[in-house]
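# Overview (structure and organization)
Residues per chain, in single letters:
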Amino acid sequence: MITLDDLQGHWVRDWIKAPGFEDHSTRVHWMQVGHHYADVRVPADRPDISEARALCELAATDLHSLAEAEGFAGHVTLKDRTCTWHREINWHGTPQSQDVGTISFDQQGRMIEEGVHADYTELWDQHAGDGAEALKLSNDGYAGYLITRGQIFVLGIGVTAKPASGPLISALGAGGIPDGIADLFDGLHAIGHWSGADGIATLATDPFVEQSVVLHRRGETIGWTRTDFWGNVSELTFGLQSIPT
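Here the residue index of a chain counts from 1 through its sequence in written order. Local features are withheld for residues below a pLDDT of 70 in this predicted model, meaning they are given only at 70 or higher, and side-chain atom pairs are given and counted only at 80 or more; totals for whole chains, interfaces and linings count all residues. Heavy atoms throughout the structure, all of them, feed into the side-chain values; hydrogens and water do not.

### Points about the environment of Arg27
Note on conventions: DSSP H or I runs of at least 4 residues are helices, E runs of at least 2 residues are strands, and numbering of each starts at the N terminus. Tracing the chain through its elements places Arg27 in strand β3 (residues 27-33). Along the chain, Arg27 and Gly192 lie 165 residues apart, while their C-alpha atoms are 13 Å from each other. Contact criterion: two residues are considered in contact whenever any of their non-hydrogen atoms come within 4.5 Å of each other. Those residues in contact with Arg27, other than ones at most four positions away along the chain, are Val40, Arg41, Val42, Pro43, Ala44, Arg46 and Leu203. The term polar contact refers here to a pair of N or O atoms within 3.5 Å; inside protein, the definition further demands a hydrogen-donor-capable atom paired with an acceptor-capable atom, and it admits residues adjacent in sequence only when both atoms are side-chain atoms. A polar side-chain atom of Arg27 sits 2.8 Å from the main-chain carbonyl oxygen of Pro43.

Here it is in structure tokens:
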């Protein structure tokens, strides 16, 4: 039987294997505090964006490649060895199915996750971090979770009731840039570190914000530096809703 204590920590995926598919290179970070989690997944082979200043300047092929990233956040429920990750926030919008896996551990303490509704196996390594905090964010049509362990955080924030991204991604795959493409890239999933009161993204679904300050902690509020599809920068302020761990 798996308990909630078994899931706590900062987990980094080693690999995923499925029939006819194997991936050892996508950078995947899942951080769990109490019942709540945030997760970001960014492929290693992203396009060169050095000549662009914002997402709107990229070609459809480049946007399609960036859209292969994933990010979600929410809470988990457990039954025996089965874990369900409830995606309250999902970068790709409304999920097509539930995210459910059975959990076990090998002799080295690494986590093995096997899909229930999909045929896959993932291997995870645990990275410890002193201290733990889970914060729920909500304001002006956006919601999210900020999960911190030690000086490392994983952020998942997005538009509430975001529609599924499949039609937009299909259009990008066909070589066009569809109306509404900005909706796909609205929100942010990232892993980063705290430098005092500033949260600096190190890996994100939007590569243009990496190595920059995306969060500001001021007393009882968190400010998110939101960069939209056209490169416009604004700040949304969220009151801190601490979640018991």
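Having put the structure on the table, let's press on.
### Describing empty space enclosed by the protein
Computed over the protein atoms alone on a 1 Å grid, cavities are sets of points where a 1.4 Å probe fits but cannot get out and pockets are open sets with protein on both sides within 12 Å along at least five of seven lines; a residue lines them when it has an atom within 4 Å of a point. Grid points are joined across faces, edges and corners, and a volume is the space filled by probe spheres set on the points. This model, assessed by the stated rule, comprises one cavity of 30 Å³ or more. Taken as a whole, the largest cavity holds about 60 Å³ of empty space. What lines the largest cavity is simply Leu55, Phe185, Gly187, Leu188, Asp206, Val209, Trp224, Thr225, Arg226 and Thr227. In terms of residue count, strand β16 (residues 221-227) provides more of the lining of the largest cavity than any other element does, four residues in total. Polarity classes work like this: nonpolar for Ala, Val, Leu, Ile, Met, Phe, Trp, Tyr, Cys and Pro, charged for Asp, Glu, Lys and Arg, and polar for all others, with Gly in that last group. A class-by-class count of the residues in the lining of the largest cavity yields five nonpolar, three polar and two charged.

### Some words on the side chain of Asp99
With respect to the helices and strands, the residue Asp99 is situated in strand β7 (residues 99-105). At 3.0 Å, the side chain of Asp99 forms a polar contact with the side chain of Arg87.

### A closer look at the pairing of strand β9 (residues 121-127)
If DSSP finds at least two bridges between two strands, the strands pair. The pairing of strand β1 (residues 9-18) with β9 spans seven bridges and is antiparallel. The partner of Ile16 across the bridge, within β9, is Glu122. Hairpin connection, strand β8 (residues 111-115) to β9: the antiparallel pair is bridged by five residues.

### Thoughts on the packing of aromatic side chains
For this analysis, a ring pair means two rings from Phe, Tyr or Trp (six-membered ring only for Trp) whose centres lie within 6.5 Å, classed as stacked if their planes differ by under 30 degrees, edge-to-face if by over 60, and tilted for the remaining angles. Applying the stated criterion to the full structure yields nine aromatic pairs. Relative to Phe105, the ring of Trp11 has its centre 6.4 Å away and its plane inclined at 45°; by these criteria the two rings are tilted. Of this pair, Trp11 sits in strand β1 while Phe105 is found in strand β7, placing the two residues 94 residues apart along the sequence. A residue is classified by how much of its surface remains accessible, and Phe105, at 33% relative accessible area, is partly exposed. Ring centres of Trp91 and Phe185 lie 5.7 Å apart, and the angle between their planes is 75°; this geometry places the pair in the edge-to-face category. With Trp91 in the loop between β6 (82-90) and β7 and Phe185 in the loop between α4 (181-184) and β13 (188-195), this residue pair connects regions lying 94 residues apart in the sequence. Both residues of the pair, Trp91 and Phe185, count as buried. The residue whose ring lies beneath Lys17 is Trp15, and the NZ or CZ to ring-centre distance is 4.3 Å. Geometry around Phe72 places Arg87 over its ring, the cationic atom sitting 3.6 Å from the centre. Type-normalised accessible area, obtained with a 1.4 Å probe on protein chains alone, sets the label of each residue: buried when under 20%, exposed when over 50%, and partly exposed for intermediate values. We count a charge as sitting over a ring when the NZ of a lysine or the CZ of an arginine lies within 6 Å of the ring centre and within 35 degrees of the ring normal.

### Here's the deal with unusual backbone geometry
The backbone of Asp80 shows a phi angle near 55°, a positive value even though the residue is not glycine. Residue Asp80 is classed as partly exposed on the basis of its relative accessible area of 49%. Look at Ala161: it is not a glycine, yet its phi comes out positive at around 55°. Within the secondary structure, Ala161 sits in the loop between β12 (152-159) and α3 (166-173).

### Some details on the pattern of salt bridges
Counted as salt bridges are all cases of a side-chain nitrogen of Lys or Arg within 4 Å of a carboxyl oxygen of Asp or Glu. Per the counting criterion, the structure on display carries eleven salt bridges. Close ionic contact of Arg41 with Asp39 constitutes a salt bridge, the shortest N to O distance being 2.9 Å. The residues Arg41 and Asp39 share a single accessibility class, namely buried. We note a salt bridge from Arg87 to Asp99, for which the minimum N-O separation is 3.0 Å. Highlighted residues: Arg87 in strand β6 and Asp99 in strand β7, separated in sequence by twelve residues. Given a relative accessible area of 26%, Arg87 falls into the partly exposed group. With relative accessibility at 13%, the residue Asp99 sits in the buried group. Several salt bridges share partner residues, and in doing so they unite Arg13, Asp23, Asp39, Arg41 and Glu122 into one network.

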